[in-house]
Every structure is written in structure tokens, then in C-alpha cells.
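Here are the chains, one letter per residue:
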Amino acid sequence: MVTGQASPQAVTAGEAAGMPARGPRGLAWGLGACLLVAGAAALLHQAAWFRMLVPVLGAGALAAGVVSAGALLGLALGAAVGGQAAGRVARPLLLVGLAEALGAALAAPVPLLASLLQRAVTASDASQPVLGAPGAALLCTAACALAAFPLGATVPAALAALRAQRAGAAPAFRWLYGVNTLGAVLGVLLAAGLALEHLGNRGSVLLACLLQVLVAGVALLMAWRGRPVEPVATSPEPATLPSLAARAALPWGVAAAAALAGAAGLAVQVAWVRRLTPAVGTTTQSFATVLAAHLLAIALGSLLCGPRRGSRDRSVRVLLLSALPVALLPAAIAPVAAFTSEHAQGAVGPFALLGVRALAACLLLVPSTLLAAAALPWLLQRLAACPLPAARAAGAVVMWNTLGSALGALSAGALWIPAAGSAGVLRGAAGLLVLAAACLLPRRPHALGTAAAGLLLLLQPWLLPLEDAAGRDAVGAAFLPAQFAIADAPALYAREGSATTVVVREREGHRELWVEGKIEASTQPTDRLHLSLLGALPMALHPAPERVAIVGLGTGRTAQAVAAFAPRRLLVLEIEREVAEAVHLFAADGGGLPHGATLRLGDARHSLARSRERFDVITSDPVHPGVAGSAALYSREMYALVRERLAPGGLLCQWLPLYQLTPDDLRLALRTFVRAFPEGWVFLAGEDLILVGSLVPLRVDEEALRLRLLGPAGGPLQPLGLARPGRLLGLVLKGPQALARFAGEGPLNTDDRLRLEFQAGRSWFINDPQGNLMRLWPGRARAAELLASAPSERFLAEVEGAGRLYEAVRSWLAGDDTRAAEAFEALAGADPADRFAREMAIGVRVREASGWAADGRLPEAQEAARALARRDGLTPTQRLDVAALLREAGLDEEGRALASEVGRSLDAPRARRLSAP
């Protein structure tokens, strides 16, 4: 969800109301309570709208920008209209109640409209989509604007109800603006913690509407019991748009400053959310924590730094001072990321982890936002001497500020961050705040000098490009830091795209693809295994795969495995342009984009929905379902779409991790899958699962498969020891009936209720792949069940090898290093080409010896370390692991010598550390 300077609702009711200097305090507290609830309702609406419109517009910056900009545009127009109406009614509280009631009435049909739009943008087998992407975006923007329009009237109506005259309008504004923004904080927490998971999108909209109706009822009751207010005399001029603009006219400097401050506030929010989430975590809960911290900072800024009664105008000073932390704090992400990394490891349970992340977010967001949040009340204070009535002035200030926020919503994520980076956007936002101050300065020399400083900050990324090393090195700092220390993996590529941040790191000869703060793929053995199987397995199971679609490019290893089978059509769908830019860095290790493949950038689900093309194989490598937004690729509706896009006899292949999922999470994911594909099979790939779904019984011709694997198709499988039918099919874990029994009855993961996203997000600190595998183990399928005829003796012998691989993986996951190492060594001895088994055996032996050293069994650890050091064919990482083991075992000189030897051929930070005295 993306908001304006505070949020759409936080820039409506909250920006108008405030603690009055005069008048009944009960009325002020009653209005404050109404605005608190209204702010929560508005954020609930916005969160649900975004989720409902993702299937229409596709995931990424467009849907977020459309929802935020549409809501803000509606609020701006509503504020202009409300500013005219509030002073002309005798009971402004009546206007507050009617605005909230009308807002609920207009928001209630949004789910139906989203459903109709989704059908209009989806292609059927017989026709093209009825609505194109630009038309869908315009309609969605209009719908959000219409639903938000009535809420803009709350701003002037609240001030009019409090009888706030020009001198007291700003203090009133300050108070209720802060209260309403606190309501927005509650709305974020309510959406992420309860409503969206348990009520779904439609239920959340209904809850928000009920809250609005409650606010309307209270406001109408207060209006009925209160005293009327003397209306402001108005001219009979009709309320056309030009006349509204003329009547709401502000001094140009104040209008420009309000718009620039609004754009800056939105840019700061988007930039810090994009900058912080890769550092502190990418789950829905983490994202909500960062957004709530930002809104809390806005509320505190308004309450603590806004004008009091009798305050002199300090708007210029506030704008200039607020620009300083915005411009100076981008590099502070480095110590904050280090703090999160250190304390997240010791956090026990999801709430402790969220507490660490919330504190980390507040360390940066509060100083960046506190003073800037007070800009709007101070601008209203500047108008104390203006002839405009207080309600009309408030409506005009809110209108211009919200229009600026809408412009920031449209540009910040989709255009500005890809062009300048989040650090550049923050400095640019500081420049906008300085420009806003320049608009208020009365003397031309001072104004021109200040404006020049603001322009320099705004254009800094192009005039004087600065490397954002702090932002790059913060990506993934809190993701398993003990296992993937960022300091040991220099970046080869780093870029902030329109949707995510992409980094490629070199770790001692292995390369890693980091997307939004999490490793998505690497050249490590276990990743090579599952990425190759995602491509090769469905191609081997399908009798004649001619047309193939791949969801997610990643390192390109899956695409290369598919290309080895020489399909006639290979379509690769990738949402992030930066991933496509970086994929060539993996070409030397079996990755990269295959020659002849068609790359289509954009949301894969959206692309499939708008296409009439049908495929023999669709293979999908989505990110972990706990990552915000990814669970939509594991939903019932996604699987229904895939079924429509599969040719008769077609196969879906999908990755699913065993780690960072509870048993309930695993069953939920598998249950949703098997309901769509009753002929579903599960294969084991290290600590990952490969799901293969079909609508018809799946049977394979053994000899035809053997012939294919003897050719180029077996190339990607050869280093894995899987280029034989029995070894490949022997990885099967569950067949259709056993899979259905394991998944059981229960709820599904649907677009309306993405339970898996929230459940898996809470499971982020849990890592029990062995436990999940053991739950899947009973009723394990036999490889021969996949064959169209009786298996040959050769096939059965190959299946025995697959059984040894199963035993090795089970022992490895269970921590039985001795047994796992023996099994991997037996596999490597039987097949010298099996690089996977050889590397795994060495890694497990190192872990085993390291455990001996930690337990004080130094003679055994020393003997094992020396034996490993004498082995041929060790990778640089393995040699450094052995060097570390030698030093752990007390053989410092031998360890330093081995690390120095590695360092002479490879510039690795760990080699330098281990070779130092």
C-alpha cells in the first residue's frame, strides 16, 4: 500500500481537524475519535484496493501508483469542494457525517468493479481482452478517486464544526491531523495483522465501510445535538471546476509550497520503504512495520512540531530544517542495517522480530519525517492574516498538498527511483522542501539563492552522481547473516528497479542473485539442483514439449535446462528489468538467457492472463511465499489461469521450499495446488520441493526418456548425477492420492485471502526442512508408478541410486553428518561426473569436523581438516572452509597458509581475514 504524505485519509480528515483554542472540548475529543477511526478505515480501504487491483494491473509500481494517485486526486477535489461547502452550512458536522457515509457507499462496490475489470483485461481462448492496459489503469484511477472524493470534505467541515477562526485554525489542524494519522497507523496494523488474512480483501472493504458508517452515525448524532454555526456569506456563483479553483485560490507561494511539500513527503515515504525493506525484511509484516513507523513519525511531527495558538509564522524555517535530515540520512542505512542484522538473530518469535525491525525503521524514519510532517499546519498558520475563511483556506491547502502527493505517487516508484536510486530520491525530496521554502521567501535574492540550492539537491544524481555503497551493502543484511555475511560477498551488480532492488554478489567463486533483500538463486550446489530440475523435470515428463513458458528468469539456469530439450517456443516472463540486465553474469555457470528465447518483461500472471497462447509446459520459480506479494503465484486463481493456458496434456511445474514454512503453511500450499491439479506429483530437490501438476494421469515412456537424456537434453542433469531415467524419476516423493491425503481438507490460498503470505511471513524465523520432509515421508511414491509400462532392470538399478541420494539428503537435513557424507561420497564414487554429490560430501565433512572442534575433539578435527586440505578439486569456498576449520582446530599456521594460497588467486574478504595473524 502506498499513501500520500500521511495517507489518503491522513491527508483528509486529519489535515483539517485540531484541538480548538475555544469551544467545547467534548466536541474536539469527539471529532478526534471520529477522525482516528476514519483514518484506520481509509488505510484498510487502500490496502484492499491495492490487492484487488494487482490482478487487473499486474504486480509492481503501477498498481501501487494507481491506487495512491487515484485516492489522492479524489481527496484533492473533495477538499476543494468541501472548502466551499463547509462555510455555507449551519451544521458542519452534518457534512462530516454525510461525507463518510457517501464514502462508504462509493467504496463498497470497488470489489465488484475490480472483478469486472479483471475479466475485461483477461483473454479467453476465443477473443482478445476487452480492455487494454492504459484503459484499465485509467478506470482504476477513476474508481479510487471517486471512492476517496467525499472524504476530502471532512477537512474543512471539521474546522468549521470546531468554529476555528483564522488565528486558531492551524493549532486545530495540528491536533486532529496528528490524531487522524495515528488512526492511519492503526489501519496499517489492522490490515497486516488481522483483517486481510482473516477477512480477505472484500471483508476488509466491508469492515472499513462499517467503520465509516460508524463515524458517520456519531458525526450525525453530534450534529443533531450541537448548536448551529453561522454560515459564511457566499456569492451565488455556480460550483463549476474553474469557479472552485478561483474560490480556493491561495497566494501562489503557499499553493506551490504545499504542492512541493506533498510531493516531497510522498517521495520520502516511497524511498525509505524501498530502502529499508531489503535491509530489515521483505515479508508483509516487515513492510507494514516500516509503513506504520513512517505514519507514526508523521503523527508525532504534527503533534509535537506543529503551531500552537499565538505562534508566529515559522513555515520557512520548518521547511528548511526538515530538508536537512532527509538529505543527510541516506548513508545511515548502513549502521541501521548492521543493528538489525545483529539483533534479528537473537529475536525469538515473530513479535520480537517485528520489534527489532520497527525500531530500526524508526531510527531513520522519525528524524526524516518529524519536521516535514509539520509543514502543512505551518502553511495554514501562514494564512492567518489571509482574507479566506479558515475552512476554505484549509481546503485549498489540503488540495494543493494532495495534488503534489499524487504527482509523487505516480513518479517516485515507477520513474524516479529507477533513474536516481532511493538515495537520490531522498536528496531530491530534500530539494523539493528547500524549493517549497523558497516559494515563501519575500525577498527575491534570498528566494533565488534558496531555489538554486533546492534545484542542486533535486538534480544531484545527474549533476554529481554518487555511488550508493551504503544502500547496496544494506540489501540482505538481516537475511541469515551468519550464513550469508554481506561483507564476504562484494557486489558485481546493484540496481534499484521500479519494483525491487537487485544485487548480484560474488562469494568466493560462487555468485548470488539477491532480490529485495533475499537470495533468490545462486551457483551453490543445492540451488543448481532445484533450478535445473525446474526446467528439466517437466520437459522429461512431457512426451513432446514444443511450447514452454517460464515464470521468473532468475539466473537463467532453469531456462537453459529447458532449452536443452530444444522446444520450438520458449517464452521467459520476468517482472524486473534489472534481473534481465544481470542474468549474463551467470552464463559461465550454466545460466543466462538461452539463444532464441523470448523475454517478456512485466508481471508474469498479468502477461498470461492477457495472452491467448497455450503451452505444453509452464514452469514457475516464484519467490518464497512469505515475501510480500508473492503468495499470489501460489493462489487458486493463479492455478486456474495456468490450467486455461495449458494445452491438452500440459504440465505445470512449480518450486516450493521446505524451509521457513510450518507444517500448516506447507499443507495450505499443497492443498491449493492439488485442488487445481488432481494429478499432482511432488519431487525432492535438496531442501526444496518440485511440484508437477497435470489434469490427466502422468505416464512416461522409459526408453523414449532414456534416448532424450542421452542427447543434449541430459547435459544440465549430468553434473547432478540425474541424466538417467531411474535417477531422475527416483526423486519422486508423493503421488496424487498420497499428496491429496497429506494436504487434507481445509481453507485454500485465494486472491481474496492470501493466507499463505501472512502465515509464511510469521514463519520467517522458523527453519525446519527436515521436519517437513519427515511429515511428507510416509506413503512415499515409487518411481515405477510414473512409467507407462513395467520398469526395466536397468531402471530399477538406477532408482537404487536415487534412494542413496534421498538418504544423503535426509541425513544432511537432519544434521547426521557422518551418514550424509558417506552417502554423498558413495554417489560421487559411483559416478565421477556427479559434481553435486562431490561438493555436498566435502561440505558435510567440513561441517562434521567443525562440530568436533567445537566439542573439544581436536585430534579428530585436525585429522579430518588435514585430510580435506589434501583433496583435489575443492572449490575456493571449500578451501576457505577448510582453512577456517584448521584454525578452529588449533592449526593456525596451516590454516593461514591455505587461506593465503586461496587469496593469491582470488580476491576474497574471508581469505584476507583467515590469512591474518
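Residues numbered from 1 in each chain as written. Predicted model: local features only at pLDDT ≥ 70, side-chain atom pairs only at ≥ 80, totals over all residues. Heavy atoms only, no water.

Undergrad: Even after reading the chapter, I still don't get a nonpolar patch on the surface, so can you show me in this structure?
TA: Together, Leu455, Leu456, Leu459, Trp462, Leu463, Leu464 and Leu466 make up an exposed nonpolar region whose accessible area comes to about 720 Å². Relative to the helices and strands, Leu455 resides in helix α17 (residues 444–463). Owing to a relative accessible area of 41%, Leu455 belongs among the partly exposed residues under this scheme. (Patch = residues over 30% accessible without salt bridge, like charges linked within 9 Å, V, L, I, M, F, W, Y side chains within 5 Å. Areas by Shrake-Rupley, 256 points an atom, 1.4 Å probe, with all protein chains shown as cover. Salt bridge = Lys/Arg side-chain N within 4 Å of Asp/Glu carboxyl O. Helix = DSSP H or I, 4+ residues; strand = E, 2+ residues; numbered from the N terminus. Buried < 20%, exposed > 50% of the residue type's maximum accessible area, 1.4 Å probe, protein only.)

Undergrad: Is there a simple way to think about helix α29 (residues 769–776) in this case?
TA: Residues separated by three or four positions in an α-helix point in the same direction, a consequence of the helix having 3.6 residues per turn. Among the 8 residues in α29, 6 count as buried, and that is most of the element. All of the buried residues in α29 are Pro769, Gln770, Gly771, Asn772, Leu773 and Leu776. On the buried face of α29, the contacting elements are α24 (663–676), β10 (679–685), β11 (688–694), β12 (732–734), α27 (736–743) and α30 (793–814). (Contact = heavy atoms within 4.5 Å.)

Undergrad: Could you clarify how one ought to interpret the sheet that holds strand β7 (residues 598–601) in this entry?
TA: Sheet strands pair by backbone hydrogen bonding; their relative direction is either parallel or antiparallel. Read from one edge to the other, the open sheet built from 8 strands follows the order β7-β6-β5-β8-β9-β11-β10-β12, with strand pairing classed as mixed. Taken across any chain shown, the strands that pair with only one partner, and hence form the sheet edges, are β7 and β12. On average, each strand axis in the sheet is inclined to that of its neighbour by 20°, with strand direction left out of account. In terms of strand pairing, strand β6 (residues 569–574) meets β7 through 4 bridges, oriented parallel. Bridge pairing links Leu573 to Arg600 in β7. Against the sheet, helix α23 (residues 636–645) contacts β8 (615–620) and β9 (646–657), and its axis sits at roughly 145° relative to β9. (Pairing = 2+ DSSP bridges. Axes fitted to C-alpha atoms, helices over the stretch in contact; angles between N-to-C directions.)

Undergrad: Would you explain the nonpolar core in this entry?
TA: A general tendency of soluble globular proteins is for nonpolar side chains to be buried together. Ranked by size, the top nonpolar core spans 139 residues in total, and within it Trp49, Leu57, Trp272, Leu276 and Leu380 carry the most contacts. With 23 residues, the top contributor of residues to this core is helix α16 (residues 390–438). Counting 117 residues, the second largest nonpolar core, distinct from the first, contains Phe586, Leu633, Ala713 and Leu805. (Core = buried A, V, L, I, M, F, W, Y, C linked by side-chain atoms within 4.5 Å.)

Undergrad: Before we go on, may I ask you to explain the pattern of salt bridges in this structure?
TA: In the structure shown here, the tally under the stated rule is 39 salt bridges. The closest approach of N and O atoms between Asp488 and Arg913, which form a salt bridge, is 2.7 Å. Placement of the pair is Asp488 in the loop between α18 (469–474) and β1 (491–496) and Arg913 in helix α36 (residues 909–915), with a sequence separation of 425 residues.

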